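Structural overview
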Amino acid sequence: IFHCFGCNAGGNVITFLMKIENIPFYEAVEKLAEAANVTLPKTSSFSGEDAARIKKQKELLLEINKTAAEFFYENLKKSEKCIDYLKKRQLTGELAKKFWLGFAPDSWNMLFDHLKEKGYTEADIFDAGLIKRHESGRYYDMFRGRLMIPIFDVNNNIIAFGGRVFDD
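Residues numbered from 1 in each chain as written. Predicted model: local features only at pLDDT ≥ 70, side-chain atom pairs only at ≥ 80, totals over all residues. Heavy atoms only, no water.

**Things to note about the packing of aromatic side chains**
Per the stated rule, a full pass over the model turns up six aromatic pairs. Judged by centre distance (5.3 Å) and plane angle (85°), the rings of F72 and F161 are edge-to-face. Pair noted here: F72 is in helix α3 (residues 48-78) and F161 is in strand β7 (residues 158-165), with a separation of 89 residues, a long-range link. Neither F72 nor F161 differs from the other in exposure class; each is buried. Grouping aromatic residues by their ring pairs yields a cluster made of F71, F72 and F161. In this arrangement the basic side chain of R144 is found over the ring face of W108, its NZ or CZ atom lying 3.9 Å from the centre. (Phe/Tyr/Trp six-rings, centres within 6.5 Å; stacked < 30°, edge-to-face > 60°. Helix = DSSP H or I, 4+ residues; strand = E, 2+ residues; numbered from the N terminus. Buried < 20%, exposed > 50% of the residue type's maximum accessible area, 1.4 Å probe, protein only. Lys NZ or Arg CZ within 6 Å of the ring centre and 35° of its normal.)

**Describing unusual backbone geometry**
Trans peptide bonds make up the majority, and among non-glycine residues the majority have a negative phi. If you check the backbone angles, N8 has positive phi at about 70° while not being a glycine. Residue classification places N8 among the exposed positions, given a relative accessible area of 59%. Positive phi outside glycine occurs at N37, with the angle close to 60°. Its location among the elements puts N37 in the loop between α2 (25-35) and α3. Residue classification places N37 among the exposed residues on the basis of a relative accessible area of 72%.

**Digging into the sheet that holds strand β3 (residues 102-104)**
Judged by pairing direction, the sheet is antiparallel, and its three strands sit side by side in the order β3-β6-β7 without closing on themselves. With partners counted over all chains shown, the strands left at the sheet margins are β3 and β7, one partner each. Sheet twist, expressed as the mean angle between neighbouring strand axes with direction ignored, is 40°. Sheet topology places strand β6 (residues 146-152) next to β7; seven bridges connect them, and they run antiparallel. Residue pairing in the sheet places F152 in a bridge with I158 of β7. (Pairing = 2+ DSSP bridges. Axes fitted to C-alpha atoms, helices over the stretch in contact; angles between N-to-C directions.)

This is the structure we're talking about:
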């Protein structure tokens, strides 16, 4: 069992893993079983197909985010404006590489086109939160002209992005 004296949270090892990694119950149980080399029994009350589908979708979104981070990082190398900004903030190229900092070009669809070329669908890119849909039905990049800061989970997966504009 655990108890946090700061926030008064408590529970067992499953609850702890759910809270610390922000994962659902079944993923926490699977992780713990895998760590302990225990095979979980199949049950009829929980559809293994649903779990597999959810897991596959989550892995796809993580893959899309990683591909986007690589795209942003490569664009950072080409952006004098962004490099100058980082230098003014005393951030080195080593730190930019370590934290996967990047640059979203000031374009309506460069990332979207790049991800489509990599074989991802519009729906999956949209689900990853990297594009928006205009009322005309066309998609456009969520981030434009920004320093990009990937947000990692405890497993070092890129789960989201923050963006920093250069002007007011």
